[in-house]
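# Remarks on the overall topology
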Amino acid sequence: MKYWNSTLKSMTEYIPGEQPEDIDEYIKLNTNENAFPPSADILNAITKECSGNLRLYPNPDAETLTKICADTWGLSQSNYFAANGSDELFSLIFRGFIDRDQLAAFSYPSYSLYYTMSEANGIAYDKIDLKDDFSIDFAKFLKKKYALVIFCNPNNPTGTGVNREGLIKFLEKYKGVAVVDEAYVDFSGNSMIDLVNSFDNLIVTRSFSKSYSLAGLRVGIAAAHRDIIEGFKKIKDSYNVDRLAQAGAIAALKDKKSFNYRVSMINNNKDYLTESLDELGFKTVPSEANFIFTNHSSIDAKTLYEKLKENKILVRHFDGPRLSNYLRITVGSMIEIKAFLKVLRSIIDEI
Ligand code: PMP
């Protein structure tokens, strides 16, 4: 810590979910990756790019990719910016769209990287509690002059979606930059991306890590007014999305069949998982994502987390108010879900 600056010394670090080395020995339901692999078309596109062309830099603005984003999600190409995962987008947002003497606000509980990035950039923030039903308390986000707010749609870790009418009413009054993080939105289809046409202070972020099964490739996309997009381009690393990542993301957007398959399989599996957990005495928050947020009527969530881990099953448990009673469980394949339920039943019987 000798050479760390004061911000680095004082900030709370972001703790990602475990990625064990002996990964094949685990059932991994802890980091919301997709249960199904990318299709052969997507893998072939990446492999094809794995050639002598790797001596060449990639297209600096990922132009083919942003064009296909516009064809797929609407808006125009100039409304899109590609990054090395949506986490890079947040990093750029904190660097480029808020000053150090300004204030940010995020819901709690939500994706804790927002808090970490705010601290890492020396920006003070308020945590605004979700309401009892885990919906966003928009009125509280208008109580102070916030320069940056981030809403997560659907929210990690609760799985609850953003209310469209509530967001529109909020945006009609709000003057700062508003980000809607839609890393998981494809599992519900309730996107706010079209609102970029109406609000020049709105940034919607998307990820290829969840519905597109490409967490290992690192691609995230921002949709916003072209003025914000120009800002992103000004501060990004020159070649922030590598050749393999661009090729994979382009192929993933073209392959609508495998996309629809993955999303519908996961949504079906989610229903099965939720119903099975109901029978075991769990209460699950209705989820719009590829994970569920659930708690047991009598057994402590941390105990369940630890016992599952002893049995080589990883789920996510967070310490903190309103979190520590819950488990966040990624929706796996049917084989993974059945194996998980079998172990869970035996743990419950034992306790
Ligand atoms: N937003 C949310 C809400 C997430 O949960 C995650 C991943 N854990 C991300 C963004 C990051 O996505 P990416 O892999 O695109 O950086």
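It should be noted that the structure appears before, not after, this text.
Bear in mind the structure is a predicted one, so any value in this text is a computation, not a measurement.

### Some thoughts on the pairing of strand S5 (residues 148–152)
Most of S5 sits inside the fold, with five of its five residues counted as buried. The two faces of S5 match: Leu148, Ile150 and Cys152 on one face and Val149 and Phe151 on the other face are all buried. With three bridges joining them, strand S3 (residues 103–108) and S5 adopt parallel strand pairing. Note that in S5 the partner of Ala105 across the bridge is Val149. As a crossover connection, the stretch from S5 through helix H6 (residues 164–173) into strand S6 (residues 177–181) is right-handed.

### Comments concerning the site of the ligand
Taken together, 14 residues surround the ligand, and among them Ser86, Asp181, Tyr184, Ser209 and Arg218 come closest. A distance of 2.7 Å separates an oxygen atom of the ligand from a polar atom in the side chain of Tyr184. At 2.7 Å, a side-chain N or O of Arg218 approaches an oxygen atom of the ligand. Calculation on the ligand without its partners gives an accessible area of 400 Å², and the protein chains cover 92% of this total. When atom positions are compared with the pocket grids, the ligand is found to occupy the largest pocket. Top contributing element to the shell around the ligand by residue count: helix H4 (residues 86–96), with three residues. The class makeup of the residues in the shell around the ligand is five nonpolar, five polar and four charged.

### Thoughts on the sheet that holds strand S2 (residues 80–83)
Spatial ordering of the open sheet is given by S2-S8-S7-S6-S5-S3-S4, a layout of seven strands whose pairing is mixed. Strands at the two margins of the open sheet, each flanked by one partner only, are S2 and strand S4 (124–129). Here the average twist between neighbouring strands, direction ignored, is 20°. Alignment of strand S7 (residues 202–207) against strand S8 (residues 220–223), held across four bridges, turns out to be antiparallel. Across the sheet, Thr205 pairs through a bridge with Ala222, a residue of S8. Of the strands in this sheet, S3, S4, S5 and S6 touch helix H5 (residues 113–120), which is tilted by about 160° from S3.

### So, unusual backbone geometry
Leaving glycine aside, a negative phi is the common case for residues, and trans is the common case for peptide bonds. Put simply, Tyr108 and Pro109 share a cis peptide bond, and its omega is -5°. For Pro109, the position within the fold is in the loop between S3 and H5. Put simply, Asn153 and Pro154 share a cis peptide bond, and its omega is -5°. Checked against the element boundaries, Pro154 lands in the loop between S5 and H6. Phi at Ala62 takes a positive value of approximately 45°, unusual for a residue other than glycine. Considering the arrangement of structural elements, one finds Ala62 in the loop between helix H2 (40–49) and helix H3 (63–73).

Calculation notes
- Residues numbered from 1 in each chain as written.
- Predicted model: local features only at pLDDT ≥ 70, side-chain atom pairs only at ≥ 80, totals over all residues.
- Heavy atoms only, no water.
- Buried < 20%, exposed > 50% of the residue type's maximum accessible area, 1.4 Å probe, protein only.
- Helix = DSSP H or I, 4+ residues; strand = E, 2+ residues; numbered from the N terminus.
- Pairing = 2+ DSSP bridges.
- Right-handed = clockwise from strand over helix to strand, strands pointing away.
- Near = heavy atom within 4 Å.
- Polar contact = N/O pair within 3.5 Å; in protein donor to acceptor, adjacent residues only side chain to side chain.
- Areas by Shrake-Rupley, 256 points an atom, 1.4 Å probe, with all protein chains shown as cover.
- 1 Å grid on protein atoms, 1.4 Å probe; cavity = no way out; pocket = protein on both sides within 12 Å on 5 of 7 lines; lining within 4 Å.
- Sits in = over half its atoms within 2 Å of the grid points.
- Nonpolar A, V, L, I, M, F, W, Y, C, P; charged D, E, K, R; others polar.
- Axes fitted to C-alpha atoms, helices over the stretch in contact; angles between N-to-C directions.
- Contact = heavy atoms within 4.5 Å.

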